[in-house]
Amino acid sequence: MLRKWIGIGACLLATATVAAAGDDGVTPTEIRLGASQVLSGPLGPQTLQYGEGARLLFESVNAAGGVHGRKISFTTLDDGFDSKRAVENTQKLLGEQKVFMLFNSTGTAQTAAVLPLLKESRTILFGPVTGASSLREGVNPYLFHVRAGYANESERIVTQLKQMGVTRVAFFYQDDGFGKALLAESRKASAAENLPLVAEIKVDPAAPDFAAAAAATVQANPQAVIVGTAGQTFPNYVKAVLATAARPAFYGYSVASLDVINRELKEKARGIILAQIMPSLRNNTIPVVAEYLKLLKAKNPDAPPSASQFEGFVHARLLVEGLRRTGKDLSTVAFIRTMESAGEIAFGRFTAKYSPKSHNGSDYVELAIIDAQGQLRY
């Protein structure tokens, strides 16, 4: 189905004589952005950090006069990680708020649920927080990814485990669209490396039984567990396992929040390994890292840098770059044409690539370990 977007996109861009609905969100003085995000529940604190990072960049841009004289506004609505609410929120953003573009929406199932609205309204969704391969097959003309996909992260994790000689790997996940997407990618990566999973352990996200999950982990006796979840669920599972005699190594995806893990696990977070799809915040020789740290310090000298906040910042930085390159005559069609002709956009070591054949953005993945100070060491 997604492959059909290639032909649809070419037709739309070649014959677009009617303005996209979202173009109402561009005025002589404003560019209106909006997102349906999970702002409450276990994933809420992490998503709020994404928003803080994006707004840090937008505020800086606005203070300097905006993009070609237009200032950026960003409205977010809470969907509680519910696909139905995500659709309702998106309808409000398009119909009532008249946003030009959807930006940094969260969730795999939630993103999939709003795709028909993108097509119907001819509105772009830029930088959703999901790495699902199902959303990256073919080219949806209205969907632009920034972060590397879960396939990239899974391949990096499993390859590392194989190289270390680990033979018993289990996978823990929450039984929803998000968790199943991570599980599917991990299965593919483990099959490619001939390193089969010894157990697949799940919890109900609505009523998680972490004690039962820990007991299943003990029974599987893995040397390492790939934790396919984020938010509060990640440290709650680790806590439950550490309450037993089992001591596997824990590997997580980039969607796992370092801030939440440190807050909940404290010194027990040491040694957890997380895939990272953004450069290290310790490396201020990378231009986008230096820019983030400078703006964060200027706003609040006492605020600690945040990996999740930095990801939101990079998403916003790439969007602004696209808006600037599009020029004063900003429209949906013009932005798509600009990004598809952009090729590689680089912020130091972090690069994203766009073309008419791919809107997948970055494939940057590194592994980092949490040290004794709660910091990530790459």
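Below is a short write-up of the structure. Computed from a prediction, not measured in an experiment: that's the story for all the values here.

1. What about the pattern of salt bridges?
For step 1, the next point in the chain: Taken as a whole and assessed by the stated rule, the structure comprises 17 salt bridges.
For step 2, the next point in the chain: E200 is the salt-bridge partner of R187, the closest N and O atoms lying 2.7 Å from each other. You can see R187 sitting in helix α6 (residues 177-192) and its partner E200 sitting in strand β7 (residues 197-203), a full 13 residues away along the chain.
For step 3, the next point in the chain: Residue classification places R187 among the partly exposed residues on the basis of a relative accessible area of 43%.
For step 4, the next point in the chain: Under the relative-accessibility criterion, E200 is labelled partly exposed at 38%.

2. Some words on the packing of aromatic side chains
For step 1, the next point in the chain: Summed over all chains, the structure comprises 16 aromatic pairs.
For step 2, the next point in the chain: Here a set of aromatic residues connected by ring pairs shows up, and it is made of F81, Y150, F178 and Y253.

3. Thoughts on the pairing of strand β14 (residues 366-370)
Two faces make up the sheet, and in a regular strand the side chains alternate between them.
For step 1, the next point in the chain: Most of β14 is tucked away, with 4 of its 5 residues classed as buried.
For step 2, the next point in the chain: In terms of strand pairing, strand β10 (residues 273-276) meets β14 through 4 bridges, oriented antiparallel. The residue of β14 that forms the bridge with Q276 is E366.

4. Concerning the side chain of T130
For step 1, the next point in the chain: Mapped onto the elements, T130 comes out in the loop between β4 (124-126) and β5 (143-144).
For step 2, the next point in the chain: Within polar-contact distance, the side chain of T130 engages the side chain of T108 at 2.7 Å.
For step 3, the next point in the chain: Side-chain polar atoms of T130 contact the backbone nitrogen of A132, separated by 3.3 Å.
For step 4, the next point in the chain: In this structure, T130 is in contact with G107, T108, T111, L135, R136, H145, R147 and Y150, ignoring residues within four places of it in sequence.

5. Observations regarding the nonpolar core
For step 1, the next point in the chain: Counting 88 residues, the largest nonpolar core has F58 and F126 as the members making the most contacts within it.
For step 2, the next point in the chain: Top element by residues in this core is helix α11 (residues 307-326). It accounts for 8 residues.
For step 3, the next point in the chain: Here F126 is in contact with M101, L102, F103, N104, F144, V146, H315, L318, L319, F335, M339 and Y354, once residues within four sequence places are set aside.
For step 4, the next point in the chain: Counting 29 residues, the second-largest nonpolar core is a separate cluster that includes A170, F210, A256 and L376.

6. Examining the environment of G374
For step 1, the next point in the chain: Within the secondary structure, G374 is located in the loop between β14 and β15 (376-377).
For step 2, the next point in the chain: Judged by its relative accessible area of 10%, G374 falls in the buried class.
For step 3, the next point in the chain: Once the C-alpha coordinates of G374 and F250 are considered, the two residues, 124 residues apart in sequence, prove to be 15 Å apart.
For step 4, the next point in the chain: Contacts of G374, omitting those with residues within four sequence positions, involve L258 and N262.

7. Some remarks on the sheet that holds strand β13 (residues 358-361)
For step 1, the next point in the chain: Pairing is antiparallel in the open sheet, where 3 strands are placed in the order β11-β12-β13. Every other strand in the sheet has two partners, leaving β11 (343-347) and β13 as the edge strands with one partner each. Taking the axes of each pair of neighbouring strands and ignoring which way they run, one obtains an average angle of 15° across the sheet.
For step 2, the next point in the chain: Here 2 bridges tie strand β12 (residues 350-355) to β13, and the two strands are oriented antiparallel to one another. Looking at the pairing, K353 lines up with G361 of β13.
For step 3, the next point in the chain: Sheet contacts for helix α12 (residues 332-340): β11, β12 and β13; angle to β12, the most-contacted strand, approximately 115°.

The rules behind the values
- Residues numbered from 1 in each chain as written.
- Predicted model: local features only at pLDDT ≥ 70, side-chain atom pairs only at ≥ 80, totals over all residues.
- Heavy atoms only, no water.
- Salt bridge = Lys/Arg side-chain N within 4 Å of Asp/Glu carboxyl O.
- Helix = DSSP H or I, 4+ residues; strand = E, 2+ residues; numbered from the N terminus.
- Buried < 20%, exposed > 50% of the residue type's maximum accessible area, 1.4 Å probe, protein only.
- Phe/Tyr/Trp six-rings, centres within 6.5 Å; stacked < 30°, edge-to-face > 60°.
- Pairing = 2+ DSSP bridges.
- Polar contact = N/O pair within 3.5 Å; in protein donor to acceptor, adjacent residues only side chain to side chain.
- Contact = heavy atoms within 4.5 Å.
- Core = buried A, V, L, I, M, F, W, Y, C linked by side-chain atoms within 4.5 Å.
- Axes fitted to C-alpha atoms, helices over the stretch in contact; angles between N-to-C directions.

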